[in-house]
Structure formats: C-alpha cells, structure tokens
Amino acid sequence: MAFAITQTCCNDATCVSVCPVNCIHPTPEERAFGSTEMLYIDPKTCIDCGACADACPADAIFPVDRLTDGMREYARINADYFAHSGRESSEEVDTPAQQPRDSSPIFHAWSEPAFDRVLPSDFGPLRVAIVGTGPAGMYAAKDLLLHTRAEVTLIDRLPVAGGLVRYGVAPDHPATRNVSESFARFHTHPRVRTYLGLDVGADLTAEELAAHHDAVIYAVGAATDRRLGIPGEDRPGSVSATTFVAWYNAHPEVAPDAVDLSAERVVVVGNGNVALDVARILVSEPETLAGTEIAGHALAELRRSKVREVVLLGRRGPQHAAYTRSELLALKHLSGVDLLIDDHDPRIGTAIDAAASTDKAAVLQGVERETVDWSLSPGAGGQRRRIVLRFHSAPVAVCGGEETRAVRVTGGTGELEIPAGLALRAVGYRGVPQAGLPFDEATGTVPHERGRVTGRPGTYVVGWIKRGPSGAIGANRACAAETVGSLLADAVAGTLPAPTGGPKAFRRLARRRRR
C-alpha cells in the first residue's frame, strides 16, 4: 500500500532525500518545486518503505489505508498530480543518457549528486550571529552547524524561540508546529549560544552585533500586515489578521483583550491561508481547541463568543484564490459548520463547474451556492454556524461610528453593506525596516543579492525579510542554503570584515543589555 502526502506538507523536501526510489515530486532540482502547493508521492512507484514518513518534520505522510475520513481525498490528490502532469513520461529527464537502464531497479532517473559545501581543508570556524529563531533562521543555523565548524549566536527579541512556527501557526495545526522539534536540538548544540529577549536595534545596535561576529544573518520575517487603504480601516472593531493570529497564539506584544467576539457576523478580507485559519478558529467548537496550545485568554473569549457567521471576501474568482487546496479541503470537514458560496456573480458558478479535478476551484464543486440575503441575522431560523465564501468582491469602507457596524463591498452592479461587528484584514504580511540596514519600502524587504545585504559586507538576510512573505515553512530551507552559500563563499574569498570583539565580550554585552 502506497503512502500519501497530506494537508500539513511544509515543502521541506527532507522526504525527497530519503526516498530510495525517487517517487516524491517535485524535487528541489525540478522547475515545479516551490510553485506547487505541496509535494506528492507517486502511488505506482512507492514501495511502502515508510522512510519518507519517518523523515517528515510535519507529520504529513501516512499510508493510504490509514487516512481518516477527512484525509482520504489526499490519496486521489497525490495520484492526480502524476496522472495530469505527464510525469509518466519522465518529463524531468532531459537526455537518454539520464534514463535508467531497463534492467535497473530504479524506476525514475536521478540527477547527478551535488556537493555544495566543499570548503578548503584549512577553513577555520566562523562566528555567525543569526537574528531571529523562526524557520528561516534555524534552517540557516542547521546548515552552518552540520556543514561547517561555525559557532552560532541565536538572538530573538521575544522571550520564546520559534518565530512564525510559535506565533503564526494556528493552534489546531499541531503537526505543522512539529517542525520546531526538528530544530530543537540545535538550541542545545555545543556550538550554539541563544539570547532571548534581546532586541537588535533597541537593546544593541547592528554595528555592535557585527563587531563581535564574522557575519550576521537577519531572519526577522515580516512583522506587520499590509494595509487596505480604505476609509474606516482603523475604526474600533477593525483588526489586522496578524494581530488576531498573535492574540490566539499568546504573543507577548498583543494584549489578552485585543479581540472582542461579541458580534454575530465577522467579515474577513482576503482569501489566503491566513484568512482561512482565522475563519476556522472563529467558528470551531472551543472544546476542540482546548487540548491545543491556544492562549488561555483566547479560548475563554471563544467560549463566550457570539460569532455565528464568517464571510471570506475575495476580490478575484475561485480559480484565482490565494489559499491552498489542502486548507480549503479542511473547511469542508469542520464539524457543525456549513460552507456556503455567495452566488451573487454568474462568473463564480461558471468557474467552479468548469474546473478540472486538479484545479483549486474543483474543491468547491458540490458546495452549496445561494445568493445571500445580508439583511437576515446570522443564525436566523436555527441556522448552524457557517463560513460564506464571497468571490469577486472587494472592500470599499469599514462603516460605523465609535465601533464597526458594517463593511461596504463591491459586487454585481454596485455596492452593498454587509452588517458585521468585526472586520479582519488578512491581505498579507509585510516586513518592517531594520535599524542599520537598507530597506525597500515598495517590497517590504531588505535589498540583497543572493542573500548579501546591499552595501553591508558581512551582513546577510534570509526568509521573508529577504524574499517577501511567500512560501511555506519548508521554502526557507532552499532560501537559507542560498544565503549560507553566499556567506561561505565570501569567507573563502576573504571579504568578510574582521570582528573587533570576541565571544566573551559579546556575552558580557548581551547580559548587560538583555531585558
């Protein structure tokens, strides 16, 4: 019986490296890697060895015969990838010389081995500081510790390590949070020192940090949200999804009373995975969240919540939605929650009905559609809690006086107001300027070349502050490999600035400055 990759796939590709028959695709060497929502196992080639499941950091791989009701669709999803992508003709093989011999037990061609971390025999240990302990920073630390003799200083302004995995992943996705376990051993590595509650830019300067290390890697992510730029956006009751996510994850910089769930209807602007996370948490049974790592104050507020309906507002059609197919599938299996499509625009039904089985919009085939009467109160007539998907509709204004009363939106031939007591904007994260580093306001990133910060020798970036807020957790692995590769190339070339202070001096400095 073959294995299948499921919802929590992080695109780390660790599974690819351990598969003995090369049945997991796309691989990091293939053009499709990074552009597909997840990785897939070829059921015709899988030999049921389980090596991929053992290696998966996100517990996303299971035998097909052990998939539960809500996950059984992933057996088909994995198979469909190979049936519709032409992979049966070995599209990744460019020349006959790369084809396996007919008598070979290898069913797919392998690419030639690459050795990216070949360093001179006399290459000495580097002292490297990494600012940020989320996945991007930890992938960089892992690369340095496993392939060099580097001494790594991990720094985080927050009192708990983990970054986006700790404060950005929904609490009902514990398997995704398991990625942090693969990094845990590096926090206690003999060549690692960790400083939490130390803010570079506030507690010490970028120049002070650089003066005590051969190189500094900034892995600070995207700490704020994108704005809508509409009237009433800052009205009480209009909150960013970044604040909401931080609130239910007990982020120390978000107050326990930052969110009020006394409204019956909530409008979420956006249709990416974060928007779906927010909607799912709002309508989930509190008791199903009680056994997770959700913040106590958030669980208490959800228990007294009056929310009966969440409206997901997407300016484009269902075929162009930003969420992944796996996250949308999860909404279809929420206990006690109905999923509804607001059929206000004929383009919506047309796109769904015409979707091929591998298209994102096909997930919505069979989901109930109706033109919603927004004048009715949520829950009227004993209606169950529900999530309403409203495509081809954009926000125009958040309406109200001292509090949010409605969200005015486009749709059809004009505009209408959707009554709502809470509006959440989930239109993307955005990086913030880092003290002492250049910053591109247009992209919310630090200008760089393959991770090298422009005009700052010995300074590097990785993760969302490098490439913008895109890609799953595992995308940081390749991102970190590129940055570390640039750093090591500079070290071999002798272009890194020499530090003026040693490790002991930095420890004393950090002890004095740390909150």
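Here, every reference points to the structure presented above.
Rules used in this analysis
- Residues numbered from 1 in each chain as written.
- Predicted model: local features only at pLDDT ≥ 70, side-chain atom pairs only at ≥ 80, totals over all residues.
- Heavy atoms only, no water.
- Helix = DSSP H or I, 4+ residues; strand = E, 2+ residues; numbered from the N terminus.
- Rg over C-alpha atoms; globule rule 2.2 N^0.38 Å.
- Buried < 20%, exposed > 50% of the residue type's maximum accessible area, 1.4 Å probe, protein only.
- Areas by Shrake-Rupley, 256 points an atom, 1.4 Å probe, with all protein chains shown as cover.
- Lys, Arg positive; Asp, Glu negative; His and termini not counted.
- Charge placed at Lys NZ, Arg CZ, Asp CG, Glu CD.
- Salt bridge = Lys/Arg side-chain N within 4 Å of Asp/Glu carboxyl O.
- Contact = heavy atoms within 4.5 Å.
- 1 Å grid on protein atoms, 1.4 Å probe; cavity = no way out; pocket = protein on both sides within 12 Å on 5 of 7 lines; lining within 4 Å.
- Points joined across faces, edges and corners; volume = space filled by probe spheres on them.
- Nonpolar A, V, L, I, M, F, W, Y, C, P; charged D, E, K, R; others polar.

So, on to the overall build of the protein. Scanning the protein from N- to C-terminus turns up 17 helices and 23 strands. Here the protein has a C-alpha radius of gyration of 24 Å; the compact-globule value for 515 residues is 24 Å, and the two agree. If one aligns the C-alpha atoms of the protein with their principal axes, the spans along those axes are about 75 × 65 × 40 Å. Out of the 515 residues in the protein, the part that is buried amounts to 52%. Here the protein displays about 22,900 Å² of accessible surface, and carbon together with sulfur accounts for 50% of that area. The protein carries 55 positive and 62 negative side-chain charges, and their two centres are separated by 6 Å.

One pass over the structure, following the stated rule, counts 30 salt bridges. For glutamate 327, the salt bridge identified is with arginine 280, shortest N-O distance 3.6 Å. With glutamate 327 in helix H13 (residues 325-332) and arginine 280 in helix H10 (residues 273-283), this pair connects stretches of sequence that are 47 residues apart. Arginine 280 carries the same exposure label as glutamate 327, and that label is buried. Residue glutamate 441 is joined to arginine 430 by a salt bridge in which the shortest nitrogen-to-oxygen separation is 3.1 Å. Taken together, the positions of glutamate 441 in the loop between strand E20 (429-430) and strand E21 (448-449) and arginine 430 in strand E20 put the pair eleven residues apart, joining distant regions of the chain. You can call glutamate 441 exposed: its relative accessible area is 52%. Several salt bridges share partner residues, and in doing so they unite Asp225, Arg227, Glu233, Asp234 and Arg425 into one network.

Take the environment of threonine 483 next. With respect to the secondary-structure elements, threonine 483 resides in helix H16 (residues 475-493). When its relative accessible area of 1% is taken as the criterion, threonine 483 is described as buried. Leave out the neighbours within four places in its chain, and threonine 483 touches Ile217, Arg450, Gly451, Tyr460, Val461, Val462 and Lys466.

Summed over all chains, the structure comprises three cavities of 30 Å³ or more. When its volume is computed, the largest cavity comes out at roughly 70 Å³. Considering the residues around the largest cavity, the lining is formed by 14 residues, among which Cys9, Cys10, Asp12, Cys15 and Cys56 are closest to the centre. Tallied by class, residues from the lining of the largest cavity come to eleven nonpolar, two polar and one charged.

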